[in-house]
Amino acid sequence: MSDKAKAPLRLAEQEELIIRLHRDLSCKYPGLKMRWSRIYGSRWAHFLGGSAEVSFFPVKLVLNQDFGLWIENPEVLAQADLERIVGQLKGEFGL
Amino acid sequence: MADVAPENWIKRVIKPEENEKFKKNGKDFIDEARIQETLMAKRSPERSHIREIMAKSLELNRLEPDETAALLNCQDEDLWQEMYRIGLDIKHKVYGRRIVTFAPLYVSNYCVNNCTYCGYRAENKDIHRQQLSMDELAQEITALIGVGHKRLIMVYGEHPKSDVNYIAETLKVAYGTKENNGEIRRVNVNAAPLAIEDYQVLRDVGIGTYQVFQETYHHATYQNVHRSLKANYDWRIYSLHRAMEAGVDDVGIGALFGLYDWKFEVMGLLAHTIDLEEKFGGVGPHTISFPRLQPAVNTPFAEQSPYLVDNDTFKKLVTVIRLSVPYTGMILTARESAQIRNDVINVGCTQIDASSNIGIGTYSKEQTDYSKQQFILGDNRSLDEAIRDLAAMGYITSFCTAGYRCGRTGDYFMDIAKKGKVNNLCMPNAILTFKEYLLDYASPETIKAGEPLIEKEFNALPNPKLKKAVKEMLERIEAGERDLFL
């Protein structure tokens, strides 16, 4: 990130970013299950991803006021990898 | 809230161009001739065919119209008894032995329409008109929270006084009202069809499910019983398509049984489900409702319709809906008597309302006022009594609202529901919310009936790691924490 604060992304840009991140993270961490949600107040509406195997203990990340992420199977990641992903998302969304 | 004369407002509501993309060759998806032909072709189904269809339902596959028609035409009482059992098996497979409970909250009974069967019709001068102010609404919600409710279905007449901006404000009040340990965690809405941009307003304030009932799928009957705005069949039948297009991805359909032939209406509900699934990547209705026409103040039509449905037929039509769309929630309301509900719930219903009062502003006053009601209720049990009765039947009452707060909506919800996976989360969350209820609101008798159920369902949880997590959460709830969910 540059020192200059990033301009907020428009919704369509955020959606494109999520689609790209989902693809990139899926390639880098095969088997990783992610669900992205669009946040409307208390409602988290499904946006992308997910698998038929429901997870009891997902990691929940609020990316910004518009989007959130559920990592359904964080146990497949080493702690360092999980932290790396969170760090990357922080950079992209300004968590 | 639009400060505009109803006759001017009406002219601006309907935007027919928003429906065009959903039509096929300019026509809607209710092909009456085809429905009648299908019912006729399947008028004498073989026993073996009925059993094949039951097996398909039990595998959680949605039925095709010819299969539903065969079930509707079954004349064999023994087979009906089998269908009742299969309906319950399906429900347990998808959702478990739990019933979701909610309260209806009528917010405004001003209405521009003149539906012959409805007590709120504009021409009915025997109805006292009222619209809740935000303060009055907060009092109503406080009263509902005070008996333990966590879910609402808020109901509005179609009128400029209750336009989308008013509805959005009422949702904010509902979500913002707290009382001791309690709060409303999911607000569903039953209101008139909206334009796409209006649905987006409600989406943005966190609406749960948007319900629009077609009332009758039969075009000529629809025209006969509706006047004013609601007479536009297309605007209503594509209302939930527009809601889905706007990003409200939980929608509820329904038919008012008693307006036209019950078999036709079940076929209509199935056609509606299929069209939504086809247009929205497999996502059909989140819930199906099947209210029966009930008496209303100064509304003789409601008692004179030639299509009124008797109790036995009602149980059958609910069963066929259960088998036809195995993975969808089914709502059995307090229009029905407690006796009917206790019977019909066992063919596969998933949600009921309780402690219902459908007058405007009557929860906080603890009164019944027929002059403010759309119709007369059949079941006046308190929430505590209804929960105790359900417990006696072996059902745990769920106040769970986790799904839509965890992104389990739309196609993701449908995917796990169709695969029978949603129960893995439903039952733990039912246990947790039921525990909250017993601690905060239940009578000693209901606690006595409910605690063994929690123990039974907890012991039946299949996964040791899950069991450990639920046990820890139950301990935290006993220690005073609230709103824990998976």
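Above this text sits the structure in question.
Enquirer: Honestly, the overall build of chain B in this entry has me stumped. Any pointers?
Expert: If you tally the helices and strands in chain B, you get 20 helices and eleven strands. Whereas a compact globule of 486 residues would reach a radius of gyration of roughly 23 Å, chain B reaches 22 Å, a difference of no more than 12%. Across the 486 residues that make up chain B, the buried fraction comes to 64%. Contacts in chain B between residues at least 24 apart in sequence constitute 76% of all its contacts with a sequence separation of at least 6. Entry remark: accessible area of chain B is about 17,600 Å², with carbon and sulfur atoms responsible for 47%. Across chain B, the mean location of the 60 positive side-chain charges is 3 Å away from that of the 68 negative side-chain charges.

Enquirer: Help me understand unusual backbone geometry, please; the structure alone is not making it clear to me.
Expert: For residues that are not glycine, phi is negative in most cases, and the peptide bond is trans in most cases. Residue and element names in this part refer to chain B. The backbone of Asn-180 sits at a positive phi, close to 50 degrees, despite the residue not being glycine. Here Asn-180 lies in the loop between strand E3 (178-179) and strand E4 (182-183). A relative accessible area of 77% places Asn-180 in the exposed class. Its identity is not glycine, yet Asn-298 carries a phi of approximately 55 degrees, on the positive side. Relative to the assigned elements, Asn-298 resides in the loop between strand E8 (287-289) and helix H13 (301-304). What makes Asn-298 partly exposed here is its relative accessible area of 40%.

Enquirer: Would you take a moment to explain the interface of chain B and chain A for this structure?
Expert: Frequently, the measure chosen for interface size is the accessible area removed from exposure when the parts meet. On the chain A side, the residues contacting the 28 residues of chain B number 20 residues. Across the interface of chain B and chain A, roughly 2,000 Å² is buried in total on both sides, 57% from carbon and sulfur atoms. At the boundary of chain B with chain A, the tally comes to three salt bridges. In this structure, Asp-249 of chain B engages Arg-43 of chain A in a salt bridge whose closest nitrogen and oxygen atoms are separated by 2.2 Å. Across the chain B-chain A interface, the total number found is 13 residue pairs in polar contact (both at pLDDT 80 or more). Among the secondary structure elements, those contributing two or more residues to the side of chain B that touches chain A are helix H8 (196-204), helix H17 (410-418), helix H18 (423-440) and helix H20 (464-478) of chain B. With four residues, the top contributor of residues to the side of chain B that touches chain A is H17 of chain B. Split by residue class, the side of chain B that touches chain A holds eleven nonpolar, six polar and eleven charged.

Enquirer: Which parts of the structure should I look at to understand the nonpolar core?
Expert: Nonpolar side chains in soluble globular proteins tend to be buried together. Met-154, Tyr-210, Phe-257, Phe-290 and Leu-317 of chain B are the most contacted members of the largest nonpolar core, which has 163 residues in total. Of all hydrophobic cores here, the second largest spans 19 residues; its members include Met-34, Leu-69, Ile-71 and Leu-82 of chain A.

Enquirer: Would you take a moment to explain the environment of Leu-390 of chain B for this structure?
Expert: On the secondary structure map, Leu-390 of chain B appears in helix H16 (residues 383-392). Residues Leu-390 of chain B and Cys-118 of chain B lie 272 residues apart in sequence; the distance between their C-alpha atoms is 31 Å.

Enquirer: Please explain the environment of Val-107 of chain B as it appears in this structure.
Expert: All names here are of chain B. One can find Val-107 in strand E1 (residues 98-108). On the basis of relative accessible area, Val-107 is assigned to the buried category, the value being 0%. With 30 residues separating them in the primary sequence, Val-107 and Leu-137 have C-alpha atoms 7.4 Å apart. Excluding residues that lie within four positions of it along the chain, Val-107 makes contacts with Gln-130, Gln-131, Leu-132, Leu-137, Met-154, Val-155, Tyr-156, Tyr-166, Thr-170 and Ile-360.

What counts, and at which threshold
As a convention, each chain's residues are numbered from 1 in the sequence order in which they are written. Note on labels: chains are lettered from A, ligands numbered from 1, in written order. Only residues with pLDDT of at least 70 get local features here, since the model is predicted, and only at 80 or more are side-chain atom pairs given and counted; chain-wide, interface and lining totals rely on the full set of residues. Side-chain measures here rest on the full set of heavy atoms in the structure, leaving out hydrogens and waters. What counts as a helix is a DSSP run of H or I of at least four residues, what counts as a strand is a run of E of at least two, and both are numbered from the N terminus. Just to be clear, the radius of gyration here is over C-alpha atoms, and the globule rule we use is 2.2 Å times residues to the power 0.38. Throughout, exposure labels follow a simple rule: accessible area from a 1.4 Å probe, protein chains only, divided by the maximum for the residue type, with under 20% read as buried, over 50% as exposed, and the rest as partly exposed. Note on contacts: a residue pair qualifies if any of its non-hydrogen atoms lie within 4.5 Å across the two residues. Using a 1.4 Å probe, the Shrake-Rupley method yields the accessible areas, and only the shown protein chains count as cover for residues. His is not counted, nor are the chain ends; Lys and Arg add positive charge and Asp and Glu add negative charge. Lysine's charge is taken at NZ, arginine's at CZ, aspartate's at CG and glutamate's at CD. What counts as buried area is the accessible surface, traced by a 1.4 Å probe, that two parts surrender upon association, with contributions from both included. For this analysis, a salt bridge means a side-chain nitrogen from Lys or Arg found within 4 Å of a carboxyl oxygen belonging to Asp or Glu. For the purposes of these results, a polar contact is taken to be a pair of N or O atoms within 3.5 Å, where, inside protein, one atom must be able to donate a hydrogen and its partner to accept one; residues adjacent in sequence count only when each atom of the pair is a side-chain atom. When residue character is reported, Ala, Val, Leu, Ile, Met, Phe, Trp, Tyr, Cys and Pro are called nonpolar, Asp, Glu, Lys and Arg charged, and the others, Gly included, polar. Residues enter a nonpolar core if they are buried and are Ala, Val, Leu, Ile, Met, Phe, Trp, Tyr or Cys, with the set joined through side-chain atoms within 4.5 Å.

Remember that the coordinates give geometry; whether it matters functionally is a separate question.
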